[in-house]
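Commentary on secondary and tertiary structure
So you can see what is in the structure, the chains are spelled out below.
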Amino acid sequence: MLGFVARRIAKGIVVLLAIVVLNFFLIRLAPGDPALVMAGEAGAGDEAFIAQLREKFALDQPLPSQLGAYLRSIAGLDLGYSVRQQMPVATLIGERLPATLLLTGSAFVVSLSLGVLLGSLAARRAGTLADTTITGLALLFYATPLFWVSLMAIILFSVRLEWLPSFGFETVGAGYTGLARALDIAHHLVLPALTLGLFFMAVYVRMTRSSMLEVSRLDFVKTARAKGLTEGVIQRRHILRNALLPVVTLAGLQAGTLVGGAVLTETVFAWPGIGRLMYEALLQRDYNLLLGVFVVSSAMVLVFNLVTDVVYRAVDPRIEVA
Amino acid sequence: MSNALPLAAPARPRRRGPLAAFLRHPGAVIGLVILALVVAAALLAPVLYPTSPWRMVQRPFVPPFTLERVPLGTDALGRDIAAGLMHGAGVSLIVGLVSTLAALLIGVPLGALAGYLGGRVDDALMRFTELFQTVPSFALAIVLVAILQPSLSSMILAIALVSWPPVTRLVRGEVLSLRSREYVQAAIVTGQTTFTILRREVLPNTLSPIVVLASLMVATAILLESSLSFLGLGDPNRMSWGFMVGAGRTVIRQAWWITAFPGLVILLTVLALNLIGEGLNDALNPRLSRER
Amino acid sequence: MDADTQRVAVAVRNLSLALPEGGDRANAVDGVSFDLVAGEILCLVGESGSGKSMCAHALMGLLPKAVRPVSGTIRLGETDLLAQDDAAWRDTRGRRIAMVFQEPMTALNPLMRIGDQMAEVFEAHGQLTPKERRARAVALAGEVGLPNPEQIVRSYPHQLSGGQRQRAMIAMALALEPAVLVADEPTTALDVTTQAQILKLIRDLQRRRNMAVLFITHDFGVVAEIADRVLVLRHGKVVEEGPASAVLGRPQAPYTRTLLSAVPTMDPPTRPPLSGPKAVEVVGLQKTYVTGGGLWRAKRRTAAARDVAFALHRGETLGLVGESGSGKSSVARLVMRLIEPDSGRVRLGDTDLTGLKGEALRQARSRIQMVFQDPFASLNPRRSVGRIIADGPVAHGVPLSEAMERARRLLGLVGLDEKALERFPHEFSGGQRQRIGIARALALEPEVLVADEAVSALDVSVQAQVLALLEDLKARLGLSMLFITHDLRVAAQICDRIAVMRQGEIVELKTASALFANPEHPYTRALLDAVPGRVRQAA
């Protein structure tokens, strides 16, 4: 298992390297002087700063040395400087990262557990009203624009019902500490996490349902029946466990979409994470910050993938542990 | 062995035509009707609302169903919401279709190549595909459009660039499994050329899953387009549904309808395409949908 | 007689099972009656679609949802199984009647340890403590002859061979000492040597525990090996019933006689020796498959061909026999250049096939053609039969109209109506599809035919017809044939000479009659001994 994790981490680093190289070419794709692009609109007037950038990234030298300089700076966790915000990009992202991890993590857990629960319920009652309702709702959520459902949730739960706060990470100026603060944050987390998770829940419901129906046709389910096991045990122990494997794979593949979706959710709910940061960078045309967030969110996806791979390997004995 | 055996009754009852199977799917028919309405809206927009949807036509914040001239009300700048919805239909459809076609143009050849050639080519191509699948696609789309400057074509390019990997994986898997199928081997053995084999034996049998995937991709592309427009990355010269939701966001407490209607239209259009995709799946891949 | 009724474990009376509407017949099983008697094995024999498997599933209450019992009773002691509710069924299954399925590769849950799957049977019926269940699982594993019981109960199914998995399935079935065992084609998916072991195991256990066994099979060899009584089914109806010796020795019903005469014998007919010019010569063929491998991972090597050499004379049929994984199909594909050898040569007449490339190879291919195993996967579902046959000649420059005319003649030659030309593969039965496959191979007027398990997927009566067709065509068209099969009986019937393969190597190659009369290599002997029904036939 350890060897496997090491191998996966090594692979992840290679992928990350490739993403950084992609990033490097993206900057050069932008119209105009890369130094100006990196500085963003705000830095346009600051000649000294531009000159400094030019030197640091070897911008007057051939492309390969430019790439080398860029890779060196990234390897040192230096993502550049945001002139707009007057702060290093790495620091900005570092401050915002925990909020995003909290949001995407909770959305992931909620959508996966609810999705599997509802999906298996639908599969067990295939053809009944419960099944039709669940698959119908899943179809609906699958088609719902994330940003729009967030706004509608604000209208319903914050404006009309006044149950939940509509923006922010915590109540500003309340000065809560300890448990009270945690509860306050949780209160703020409910709407963003649920609306972000809704689409993914729909994905997992559909996948769990079809996977369970697929597995229930396999021979070993008949064997289980021939033993005289009860339907509940057959469903849980034999069908669900096998049906979850493709769902785990899918969950890994969806991680990228989840992290991308956080941009919309954080924008709508003014959630102070890196998605919101990306939106701010977008508004200010702060390309350096934009690309920094892009690299970090890619790294986040890689971590998600690593976790799902490890989980998959832990539940499926057929994959040989090297 | 001179006696000709009579042809036995078909081993399996002959499948009904795919079209009939598709039309027996109630969801698919509903989807088709909704999509037809969206297409009609896109075509009729210049006729019914010949003037620019950006023009102020009434006082701001007219609630819906109050004035006959603006049945769905106006937004914060007095623009007609109904006109915006009809003009936005075209943008969504064009972006959805063209970006899907572009993604197929990238994905199908890469997948067919990887699946048929195998070995190192397959390895290299799949690594490349994996890279694009790992990157958070929406974030990449944002970066691409921002750097290329917002326009209809940069949006199409960005969406195509983030949505081709599933096509490659699907086509590769299909080609891989077909390549070892006995009838493909029989075609090799009878001396048919590689091109003929791909065209006659392999590709026709991969077509139906590609068609199904493509219909779902159009839906996803429309969602992506509206999300990008919502963030202000849409073509500044064209009215789009996502932009309308984004514009109404700040005044949502006073005027719910400005965000509600365009969002609802996106939802219905995407739902329609998903329903059509499911119907196509049932009709074209009967084996995969037995559980229904 | 009274003593006999005492020993009846299950009495099936007038059982009819209805198929869903629109099928090819109304009832899967129609008015079938039989008794399962303690200490006796009843074999239910029939071809595919005879309803034999449905009978087995009815006994377990595991019929597909669409199939309903419409009349009859299944009495187990005092209870009529067809009348009992779900809870009573659960109590019956595993405890009073147990079942072993056909496909050991898929009948075990891949994510559960073997021991846990065995212990589950006790759990299902609320017996023993978890610790005792574990101990019983180990004991059962030992009883069914699994090696290292302590270790094997901790393994996952994928770590076991096919035969071991089937032993594990049998152990599960025996766990609660049921009075009745239902075995649905339990050895069909196994190699012949493994099959012999499993048959012996079932025989031994049945005697030791005095069980009543219902054994479903399509193979008369297996019947001869294991049956006390035999019941022949056709289209859901009982055709003949009686003691095994009577049914096999003096069959009454014409259908039984046809079936029995279709079973190839183990005595090869005498064939004149052939030593004409060589149609195909294979020299030093090597092929090793390397799987896995990569960063930090070990590669796995499987030898598919190890220094394989043989010659096929003009007009000869050379058999290549072996168990799964012996490399026989790989050799066929190497000869066809469907896969590339690591080294070695394949000569076709005076042409070196291994040396050809591109267009030259494509042209040369017409001289050697192949008939494939799976009648359902070997025809493109989207092309008409006529085009399937004509495609080859067209690729070699024959005008389409002429190629279609040739396809028409070939259909007649393989015994199909020429109307088939316009139809699509899904409209034909397995045997008919195989005839189409043969017509496709013949369309290029080849010198050599390679038949890869060409009759393995067919019912025995259809198999006999297709074999006769191949033999007839070979003689009429002067073909040479490389015949790959796992079935020694089939090989005995059709081959002039036979090569026995194991792990990529030819261990013995001689004339069919010499091979059967005087096998030299120990593996050949083991293989011949394992063929079911051999002893009974010799006697």
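Residues numbered from 1 in each chain as written. Chains lettered and ligands numbered in written order. Predicted model: local features only at pLDDT ≥ 70, side-chain atom pairs only at ≥ 80, totals over all residues. Heavy atoms only, no water.

Quick notes on the sheet that holds strand β10 (residues 237-243) of chain C
Residues and elements named next belong to chain C. Sheet architecture is open: 6 strands sit in the order β6-β7-β8-β3-β9-β10, paired in mixed fashion. The open sheet has two free edges, formed respectively by β6 (97-100) and β10, since each of these has just one partner strand. Neighbouring strand axes in the sheet, compared pairwise and without regard to direction, differ in orientation by 15° on average. Looking at chain direction, strand β3 (residues 41-45) and strand β8 (residues 212-217) are connected through 5 bridges and run parallel. Note that in β8 the partner of L44 across the bridge is I216. (Pairing = 2+ DSSP bridges. Helix = DSSP H or I, 4+ residues; strand = E, 2+ residues; numbered from the N terminus. Axes fitted to C-alpha atoms, helices over the stretch in contact; angles between N-to-C directions.)

What to know about the domain arrangement of chain A
All names here are of chain A. Here chain A is described as being made up of domain 1 (2-89) and domain 2 (95-315). Summarising the inter-unit geometry, the C-alpha centres of domain 1 and domain 2 are found 32 Å apart. Facing the 26 residues of domain 1 at the interface are 22 residues of domain 2. Regarding the contact of domain 1 and domain 2, the summed buried area is about 2100 Å², with carbon and sulfur atoms giving 67% of it. There are 1 salt bridge connecting domain 1 and domain 2. Where R8 meets D309, a salt bridge forms, and the shortest distance between an N and an O atom there is 2.4 Å. Counting across the interface, domain 1 meets domain 2 through 2 residue pairs in polar contact (both at pLDDT 80 or more). At the level of secondary structure, the elements contributing two or more residues to the side of domain 1 that touches domain 2 comprise α1 (2-29), α2 (34-39) and β1 (81-82). Of all the elements, α1 adds the most residues to the side of domain 1 that touches domain 2, at 14 residues. (Domains from an automatic or database assignment. Contact = heavy atoms within 4.5 Å. Buried area = accessible area lost by both parts, 1.4 Å probe. Salt bridge = Lys/Arg side-chain N within 4 Å of Asp/Glu carboxyl O. Polar contact = N/O pair within 3.5 Å; in protein donor to acceptor, adjacent residues only side chain to side chain.)

Describing the nonpolar core
Core analysis: the biggest nonpolar cluster contains 177 residues, and M278 and L290 of chain A together with I142, L228 and L231 of chain B have the highest contact counts within it. Residue contributions to this core peak at 16 residues, all from helix α10 (residues 231-269) of chain A. Aside from chain neighbours lying at most four places away, what touches L228 of chain B is F138, A141, I142, V145, M155, I159, L233 and G234 of chain B. One finds I97, M118, V223 and A227 of chain C within the second-largest nonpolar core, a separate group that totals 91 residues. (Core = buried A, V, L, I, M, F, W, Y, C linked by side-chain atoms within 4.5 Å. Buried < 20%, exposed > 50% of the residue type's maximum accessible area, 1.4 Å probe, protein only.)

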